[in-house]
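Chains, contacts and geometry: an overview
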Amino acid sequence: MIKAILIFNNHGKPRLSKFYEHFNEDIEQQIIRETFHLVSKRDENVCNFLEGGMLIGGSDYKLIYRHYATLYFVFCVDSSESELGILDLIQVNSQVFVETLDKCFENVCELDLIFHVDKVHHILAEMVMGGMVLETNMNEIITQVDLQNKMEKSEAGIAGAPARAVSAVKNMNLPEMPRNINIGDISIKVPNLPSFK
Amino acid sequence: MSDVVEKTLTALPSLLSLDSQPGSAKLSTNSKLGSLIRGITELTSKHEEEKLIQRELSSIKEQVSSPNTTMRQMKELMVRTIYCEMLGYEATFSYIHAIKLAQQGNVLEKRVGYLAVSLFLNESHELLLLLVNTVLKDLQSTNLIEVCMALTVVSQMFPKDMIPAILPLVEEKLNHSKEIIRRKAVLALYKFYLIAPNQVQHIHNRFRKALCDKDPGVMSASLHIYLQLIQENPESYKDLTASFVTILKQVVAGKLPMDFNYHSVPAPWLQIQLLRILSLLGKSDQSTSEVMYEILDESLRRAEMNHNITYAILYECVKCIYTIHPKSELLEKAAKVIGNFVLSQRINLKYLGLKALTYVVHQDPRLALQHQMTIIECLDHPDVIIKRETLELLFRITNDQNVTVIVEKMLDFMSINKEDHTTADLVGKVAELAEKYAPDNEWFVETMNTVFSVGGDTLQPDIPNSFLKLLSEGFDDEEENKKLRLFAVNSYISLLQGEPSKLPQRFLQAICWVLGEYSHLREDVEPDLVLRLLVKLLNIKSTSSETKSWILMAMTKLCSGGAPLSVPLEVSETYSSSMDTMLRQRAQELQYLSQNPELQARVLPRGVSQEPMEVDSSLSFLDGFVSEALAAGAAPYKPPHQRQEELSRSKALSLEPYGLSLPISMSSCSIADRQSPTLLSVSSGLSGDRTDHSHKGGSTTLKLDGVRRVWGKEGYLAQRESAEETAPVEAPSPLQPLVQQGDGDASYSQTPTPIPECEQEKQQLASSLFVGLASQSSVCLMGKSEQTSQRFRRKLKDPAASFPSSTQNPLVSPPSSVGHLLLDSSISSDLISSPEQTHLSSVDLTVANGEVELPDRDMKGIKSTLLREDSALAAGSSPHEELDRPKDSCLTSHLPAELSGLPHSEITPLCTSPSLDLSSCHVQKDDSLVLLVFMKSSSDYDIQQIQVQVTCEELEVSCVCDSPVEELKSHGVVVCQYFLTVKSPSVYFVLSGMMSHQIPDNSLQETQFSHRIPLTSFLRPLRLSTEEYGTMWLAFSHDTKQNLPLMMDAEEPLTATLKVLKDKLQLHVVEIIGNEGIVACCLRQDQPCLLHCRVHAGMLAVWLRSPIPELPDCLLYHCQRALQES
């Protein structure tokens, strides 16, 4: 399970923090600080895994991080997650941020993350739900986020008439996912199962 | 693709000047959040930031509470609040508004509302209840986005109690036509399973359906659930193995839509998840493992591309192969993969390779041998994480030959690494290795010194604890023990002569203990010198008061060595007015004991062989105190469950769940027992009655809940227990309780039998020490870890009987463990010594009983006979004993007809007078015991006016004869019958009697006699079913525990032992389940006693319960006798 996802910059300023396990406000801040402390000490050419600090849990927990220019992406996970798997998930994650935010603005930078705090959280929610990896398919996430952006834009257009906006949004549906088209390729038959009622 | 990220993010520095960037500029001009962020980035100090945010928050507060704020504005306000919260500033006022936003806003606003709620609140927050209705409404919405949002928030957090309200709706979503909804519903259900597994019991079939959902996304979501379920209970899901294998096959073969590919690897995360599930299923199960061999081979083969994610799959594959039932072909391939990992230049792979090696090194030490050089290289790797992982690997392969090298490496690492968590972990490992494999004393003591000084105060408390225990218990060779201790003393004296102020507190405490206990071993050092060193330590400012207590204790011990008294007196003077109660206590002890060498010798015997102590875990020594309290009008103790019952009975409606049935309570008892037999009074609610007993009786109320468990499993906990037990009897002077206790020591508490145990242990120790001393080749780093001898192997002991030596010398007890309790050490010393005292007093008892005060000197012979009879009876005389003496056999014929068929004891002479012989025996009837007194006239004339009186305090004696015997014909025999019933149990019942008769010269002659009956004669089997036993067990409050010897030579020790008890004591064996047995007996129908026996560490742990307070102890005594004799 993923315990927390933290993004902070080179100076330790938090840019996004999402905890999937409850901690006190103070403890959360302490975790962010400690994590930054641990991660920022590391050289560029060392491994991307860190055995957890004191705070977030004992030896069962580890930190998996990536460093992009000015930002650290840190996932705190327990032993039920694959290290390399998460490492690539971070890659997907950042790519999704870049791809989606990129479409709105010419360039994505650290500040974009905070200017769009809510949007970033929504993207994250499409990937990780309640500490579980929900979706690893970049295209799918981007489709979802695009849709949300569209909603936003249409709302901006009809800002003067909120009532109409509400009804417009209410009638909106999620588009069909492209993958549903070729779903015939896979046939997962589960034998030995009791009949379902 | 990561290049894109790099590129875009590197552009940041230029972005910091916001104006030049159209994107950011556009945002910041029209957004308040933008200006806030801009404001913050311009600030320089934390203080300014705080001020700014507080200002911001108060303006937000004003706006959110204004009625004119639209939902749209509210959404914008929430985003700002989220930002502030992320920076660590609390905005509690906004929580309710976040919920309101989620309730009332349109889709976009709602989404921000939900987001804010999920970031601000947690599962137990009370406001969350207000959200339930909103979630309920949104789950029913026709708008997919709303449903998605509701499911997302549910899987993040939801009040446990409200799950039933939305569960049907979420379940329904499993059949939704959109896969995204189904997927989210599956994860929401998984969340429910995690927080309230019982609530989703009924939908396990639905999970199976989700597993074969036509959409792979839903299927992969359901794997989360299965991973968890299988982890908890692999057995129930073995039937799914084939399905998981099929799924994996199709995934590997690329049957999934292209969308699932990541770097042209088909659904890698899905594969990882499946491999994990398979390894759980195949663990130590050959037939299941065989199903997956093929696909594992296939996975290994396919995953040969050069990308990170394929390595992730490979790693999982390798782990799986090593976890399941081994297949040599696969193992070979897996070993090769591990080799590639370890040798890889990529550091992440190296890390995983080392991890994999650590994982497999138990099964395949050769693999580590192959990569010897790489491992050694990794030890000098610049990355600390790699180094640590290597040390972890080395730790696993340590044996007695490579230990010095490995420990040195570990200590090296610790001196560089300053991180607390790592240090604490490594220090523990070093201590473990040192203890296991130490090549010699010097090395051991020096290594431990480093451990203590490096570990400092982050050290796990059980490390110094077990170190001291090892020193005090030692090993087989007494000479070696002495050398080790001497070496420790030498090293500590020189340390104290150096710069002791730099040493960590825990180390100082250990030093104090060692010096106190063993500095006398070094003859060339005056105790005075050690005392002065200790005083120096005492005067260092940084010394904590806990350490000071240790110092004072050490001084107390040193004083007995004939050191001059001036120093300790001065010290005790200073500290006896200390504000710290512990210190004060220690100072008082020091003062008192240093002036009273006699008491000192008793309390702190020096050089006693460290025999294992039996501890009276039932606290029977408190019985005196308890009965005193009862006599003074205290309410009798009721165990918690009984109180609970009474409480619920008094209520009109019982809101409590039904009570535990027997099997549960039995098992919970035994679990508690297993964990720490000596800590029962603390850890198990069902036991420890006596402890609570004294709490009630005593005026002091002890709160045990909050007491920190400072000392480890086998450490000083026992000591603490004794502290708790004795604390209520506490008195201001350390000596007063000693006297009290002496009286309180009931004569029937168990007599310890340490000698045979010792022998047994030593034999065990010898056999385990000299097994597997297989020599290893050279000082190679890699060696097999299997066969190694442990240098400092502890004496094998039954944990229940094992106590650190400090129990013998109670002043050794670490103050931290008793700090809360105002422990009076001498009480515990008394507790400890009580078994011996008891032993003595029971000897006294025997003598006293045997002493029949007869006026006639000729009776001396009888006295010895009586003693013999006692022992014969005490041997649990078999009811069917043959009578051998002719004198008896002639008396047997006089047995009353109705009793003649029943078992009776040997007929023994009671007393003789010139004209009359008195003999007696007792006959066991089913429901009672009958005492027969035979009067045989040896005179030639009739004896007149015979009166016989029999009395006993503990028994009710009623005469059966219609009228007392008046007359005895010449050479005739008359029999008197007395019914005996137990009033209060005792180990032996001593009946005293007086017979008077008229002798021919008309004077009255009186003769006194006594007769002794063991408790066993009153015992009858109590035939019960296991269920009845269970109910009774819970209802009884008085309990006692003890370890008894087990008949080890028998094939089934438990059955054999119980059979002995059954035969000798007439107990009823209710049931034997595995290594536990339940036994019942009774005195009369209303005086039952239940025994719960369990084989534990070569001993029989017996737990007795009865409604009669004294019965368990008495019965235990006889059990012990019975087993010793057989």
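Since we're looking at a predicted model, the values are computed, not measured.

A few words on the sheet that holds strand E11 (residues 1004-1014) of chain B. Residue and element names in this part refer to chain B. Here we have four strands laid out as an open sheet, ordered E8-E6-E10-E11, and antiparallel in their pairing. This sheet does not close on itself; its edge strands, each paired only once, are strand E8 (967-968) and E11. In terms of strand pairing, strand E10 (residues 988-998) meets E11 through 11 bridges, oriented antiparallel. For Met994, the partnering residue across the bridge sits in E11 and is Gln1008.

Next up on the list: the pattern of salt bridges. Evaluation of the coordinates by the stated rule reveals 27 salt bridges over all chains. When the shortest N-O distance is used, the salt bridge between B:Arg183 and A:Glu140 registers 3.7 Å. Taken together, the positions of B:Arg183 in helix H12 (residues 179-195) and A:Glu140 in helix H5 (residues 138-157) put the pair across two chains. This pair shows no difference in class: B:Arg183 is buried, exactly as A:Glu140 is. Between B:Asp297 and B:Lys333 there is a salt bridge whose closest N-O contact spans 2.6 Å. Of the two residues, B:Asp297 is situated in helix H17 (residues 286-302) and B:Lys333 in helix H19 (residues 328-343); the sequence distance between them amounts to 36 residues. In this structure B:Lys333 comes out as partly exposed when scored by relative accessible area, which is 36%.

Below, the discussion takes up the packing of helix H27 (residues 462-473) of chain B against helix H28 (residues 478-497) of chain B. Residue and element names in this part refer to chain B. Between H27 and H28, whose axes approach to 8 Å, the crossing angle comes to 130°. One way to sum up the angle between H27 and H28 is to call them oblique. Mapping the contact onto sequence places Phe467, Leu470, Leu471, Ser472 and Glu473 in H27 and Asn481, Leu484, Arg485 and Tyr492 in H28. Among the residues forming the contact of H27 with H28, the class breakdown is five nonpolar, two polar and two charged.

Residue and element names in this part refer to chain B. Reading across the sheet, the five strands line up as E3-E4-E5-E9-E7 and stay open at both edges, with antiparallel pairing between neighbours. Taken across any chain shown, the strands that pair with only one partner, and hence form the sheet edges, are strand E3 (908-912) and strand E7 (955-959). Mean inter-strand twist for the sheet, computed between neighbouring axes without regard to direction, equals 25°.

Positive phi is not limited to glycine here, since B:His263 has a value of about 50°. Mapped onto the secondary structure, B:His263 falls in the loop between strand E1 (261-262) and strand E2 (265-266).

Of all hydrophobic cores here, the largest spans 277 residues; its most connected members are A:Ile2, B:Tyr83, B:Val135, B:Tyr226, B:Phe244 and B:Met555. B:Met555 has contacts with B:Leu531, B:Leu534, B:Val535, B:Leu538, B:Val571 and B:Leu590, leaving out every residue within four places of it along the chain. Grouped together as the second largest cluster of nonpolar side chains are 57 residues, B:Leu929, B:Val950, B:Cys976 and B:Met1047 included.

The subject of this paragraph is helix H49 (residues 1111-1125) of chain B. All names here are of chain B. Over its 15 residues, H49 extends 21 Å from the first C-alpha to the last, a length consistent with the 21 Å expected when each residue adds 1.5 Å. Of all the 15 residues making up H49, 12 are buried; the element is thus mostly covered by neighbouring parts of the structure. Among all positions in H49, only Leu1111, Pro1112, Asp1113, Cys1114, Leu1115, Leu1116, Tyr1117, His1118, Cys1119, Gln1120, Ala1122 and Leu1123 are buried.

Residues and elements named next belong to chain B. Closest axis-to-axis distance for the helix H18 (residues 308-323)/helix H20 (residues 347-360) pair is 10 Å, and the angle between their directions is 5°. Taken together, the axes of H18 and H20 lie roughly parallel to each other. Contact with H18, carried on its side by Tyr311, Tyr315, Lys319, Tyr322 and Thr323, involves Leu349, Leu352, Lys355, Ala356, Tyr359 and Val360 of H20 and no other residues of that element. When the residues that make up the contact of H18 with H20 are grouped by side-chain class, the tally is eight nonpolar, one polar and two charged.

For the rest of this paragraph, the subject is the confidence of the model for chain B. Residue and element names in this part refer to chain B. Per-residue confidence for chain B gives a mean pLDDT of 72; residues scoring 70 or more make up 72%. Within chain B, no element has a lower average pLDDT than helix H38 (residues 680-683), which sits at 35, and none a higher one than helix H16 (residues 268-282), at 91. Every residue in residues 7-29 is under pLDDT 50, and counting partners more than four places away or in other chains gives 37 contacts. Interface predicted TM-score (ipTM) for the complex: 0.80; the corresponding pTM is 0.58.

Cut-off values and rules
- Residues numbered from 1 in each chain as written.
- Chains lettered and ligands numbered in written order.
- Predicted model: local features only at pLDDT ≥ 70, side-chain atom pairs only at ≥ 80, totals over all residues.
- Heavy atoms only, no water.
- Pairing = 2+ DSSP bridges.
- Helix = DSSP H or I, 4+ residues; strand = E, 2+ residues; numbered from the N terminus.
- Salt bridge = Lys/Arg side-chain N within 4 Å of Asp/Glu carboxyl O.
- Buried < 20%, exposed > 50% of the residue type's maximum accessible area, 1.4 Å probe, protein only.
- Axes fitted to C-alpha atoms, helices over the stretch in contact; angles between N-to-C directions.
- Parallel < 35°, antiparallel > 145°, perpendicular 65-115°, else oblique.
- Contact = heavy atoms within 4.5 Å.
- Nonpolar A, V, L, I, M, F, W, Y, C, P; charged D, E, K, R; others polar.
- Core = buried A, V, L, I, M, F, W, Y, C linked by side-chain atoms within 4.5 Å.
- Expected span 1.5 Å × (residues − 1).
- pLDDT = per-residue confidence, 0-100.

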